[in-house]
Structures are given as C-alpha cells and as structure tokens.
Amino acid sequence: MNILPNNRVGIMGGTFDPIHYGHLYIAECARHKFALSKVLFIPSGQPVHKRRTNILDPVHRLQMTRLAVESNPFFEVSTVEVDREGPTYTVDTMELLYSEGSGKEEFFFITGADAILEILTWKDVTRIFELCQFIAVTRPGYSFDRMNRVLRNLPGKQRARIHIYETGGILISSTEIRERVMLGEPVKYLLPENVEKYIKAHKLYING
Ligand code: ATP
Ligand code: MG
C-alpha cells in the first residue's frame, strides 16, 4: 500500500448498490485535493436512512466494492458495517475506527451534496463532528445553494469542520444503474468493467 507520510484518512460510506464511477471519482478527487493517505470505502450493512427496502445483499455490495477499488493503490475496503448486525450508525463506525487507530489519524468523511444534508438527522451528530471532518462534494442534479444554506445555519464549530469541495462531478447514480439494468439498457462506462461483469454473472437488478 502506497501511503503518504501523514495520518489523513478519507472515509467513503455508501450503500454502493452498485458502486459506480461517481463514487470512485469523488473519492479520488478528495484524496488528491486534501492529501489523504488513503480512502477507506465502507459499504453499509442495513442502512438507517434509506427509504428503499429492497437493498441488495451486503455480500454482493461488498464484493462489487472490492472489485471497483482493485486498481487504485490508495483505496481500501472495510467490512466494519457489513459485519455488524442491525442498523448501521455512522457514529458507531467512526468510534470503532477511532479506537482501532493509533490516535493520530485525522478522519475525513467524504459525502455528496445530498448526503451531507442528512448528517443533521444522524444519531449523535455532535460526537460525529468530534470524530471526523467532512468533505462535502457537489453532485450534479443536487442544488449547491440549498446545501450552502443549510450548512450556513449549523453551529460554527460544526460548520468549520465541513469542507465544501466543488468538483465538476459525474451525473451517475446507483438508482439509474439499477433501472438501466432492469430495462436491459447499457451501463458500460458508468461503472468499472469488472463490476459490470459481476452484475451480469450474478443476474443482479434484473427484477428491479
Ligand atoms: P442511490 O441512487 O441508490 O441512492 P447513490 O448513487 O446516491 O445511490 P450512495 O451509495 O447512496 O449512491 O452514495 C454514497 C455517497 O456517494 C453519498 O455521499 C452520495 O452523495 C455520494 N455520491 C453518489 N454518487 C455521486 C455522484 N455522482 N457525485 C457525487 N457524489 C455522489
Ligand atoms: Mg444515494
């Protein structure tokens, strides 16, 4: 593993159902921009905030995430949330990563403009802000102004720990990919080829 001599660790959480180039692109841009030594991809177990109920088995989501990060020496996958029984709370994950670290790590949680707004609804939000900083990346299709308005109203201490990062972004979502697979439309160039092959081999998403 090619680690920079610092302790800045990126955390990329998501359902990854499936993982796609939008996720990989923002993780790579954030890594570069914020000089992160690595980015840890953490597929969720049973997410608390997803309205959708038919989320794919974590074993598949984890495997696709592993395949997707294979070609990037700065990317790793953590099974911490998939291994946990019951709903996934970010605060518990961050506590665990913190306790397992050397105490010197600085964690940067990378999220899209939509997900950052959900932070305010997360469990133990004050503690989360103590455990990590946030990199809020703009996402095509989601209003930058709305995100800014909400963030401006946060307590100053929390606001100071959110770094807004405007990338050009890629207009891709897992929802779109699932729909395209179901309709038999191409998903090539939206996600890594090995993930596409995995989806085909396991006949995923064909029934919605
Ligand atoms: P779904 O459509 O099922 O919600 P998704 O594409 O939003 O899937 P998630 O797994 O929900 O993917 O997202 C994980 C994280 O990646 C979130 O912080 C989300 O905001 C971010 N993200 C996903 N796609 C993009 C994108 N194209 N650009 C920027 N951020 C993204
Ligand atoms: Mg999403």
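It should be noted that the structure appears before, not after, this text.
Residues numbered from 1 in each chain as written. Chains lettered and ligands numbered in written order. Predicted model: local features only at pLDDT ≥ 70, side-chain atom pairs only at ≥ 80, totals over all residues. Heavy atoms only, no water.

Below, the discussion takes up the pattern of salt bridges. A complete count under the given rule lists eleven salt bridges for this structure. Between E106 and R8 there is a salt bridge; the shortest N-O distance is 3.8 Å. Remark: R8 occurs in strand β1 (residues 8–14) and E106 occurs in strand β6 (residues 106–112); sequence separation between them is 98 residues. For E106, a relative accessible area of 33% translates into the label partly exposed. Accessibility expressed as a relative area gives 24% for R8, which makes it partly exposed. Because the salt bridges share partners, they merge into one network encompassing E95, R127 and E130. (Salt bridge = Lys/Arg side-chain N within 4 Å of Asp/Glu carboxyl O. Helix = DSSP H or I, 4+ residues; strand = E, 2+ residues; numbered from the N terminus. Buried < 20%, exposed > 50% of the residue type's maximum accessible area, 1.4 Å probe, protein only.)

In total, this model carries eight aromatic pairs according to the counting rule given. Between the aromatic rings of F41 and F75, the centroid separation amounts to 4.9 Å while the plane-to-plane angle is 55°, which identifies the pairing as tilted. One end of the pair, F41, is in strand β2 (residues 38–43); the other, F75, is in strand β4 (residues 75–77), and 34 residues separate them in sequence. On the basis of relative accessible area, F41 is assigned to the buried category, the value being 0%. Exposure remark for F75: the relative accessible area of 7% places this residue in the buried category. Three or more aromatic residues joined by ring pairs make a cluster, and in this case those are F109, W122, F129 and F134. Sitting over the ring of F74, R31 keeps its end group 3.8 Å from the ring centre. (Phe/Tyr/Trp six-rings, centres within 6.5 Å; stacked < 30°, edge-to-face > 60°. Lys NZ or Arg CZ within 6 Å of the ring centre and 35° of its normal.)

Glancing now at the sheet that holds β4. The strand order β4-β2-β1-β6-β7-β8 describes an open sheet built from six strands, whose pairing is parallel. Where the open sheet ends on each side, the last strands, each with one partner, are β4 and β8 (162–165). Strand-to-strand, the axes of this sheet are offset by a mean angle of 25°, without reference to chain direction. The pairing of β2 with β4 spans three bridges and is parallel. Looking across to β4, one finds that L40 is bridged to E76. Strands β7 (132–137) and β8 of the sheet are contacted by helix α7 (residues 144–152), whose axis makes an angle of about 165° with β8. (Pairing = 2+ DSSP bridges. Axes fitted to C-alpha atoms, helices over the stretch in contact; angles between N-to-C directions. Contact = heavy atoms within 4.5 Å.)

Take a nonpolar patch on the surface next. Where nonpolar side chains cluster on the molecular surface, the patch consists of Y21, Y25 and I170 and spans about 240 Å² of accessible area. Counting through the fold element by element, Y25 comes out in helix α1 (residues 21–33). Residue classification places Y25 among the partly exposed positions, given a relative accessible area of 34%. (Patch = residues over 30% accessible without salt bridge, like charges linked within 9 Å, V, L, I, M, F, W, Y side chains within 5 Å. Areas by Shrake-Rupley, 256 points an atom, 1.4 Å probe, with all protein chains shown as cover.)

This brings us to the side chain of T167. Following the sequence through the fold, T167 ends up in the loop between β8 and α9 (174–183). Taking relative accessible area as the criterion, T167 reaches 12% and is therefore assigned buried. Only 3.2 Å separates the side chain of T167 from the backbone nitrogen of G169, close enough to count as a polar contact. Sequence-distant contacts of T167, that is, excluding residues within four places in its chain, are made with Y25, C29, V137 and T138. (Polar contact = N/O pair within 3.5 Å; in protein donor to acceptor, adjacent residues only side chain to side chain.)

Glancing now at the nonpolar core. Judged by nonpolar contacts, the single largest core of 35 residues is most densely connected at F41, M64, I110 and I135. The element contributing the most residues to this core is α1, with five residues. Other than its neighbours up to four places away in sequence, F41 contacts M12, F16, I19, L24, A27, T65, V69, F75, E76, V77 and S78. Core analysis: the second largest hydrophobic core is formed by 26 residues, V9, V80, M147 and L154 among them. (Core = buried A, V, L, I, M, F, W, Y, C linked by side-chain atoms within 4.5 Å.)

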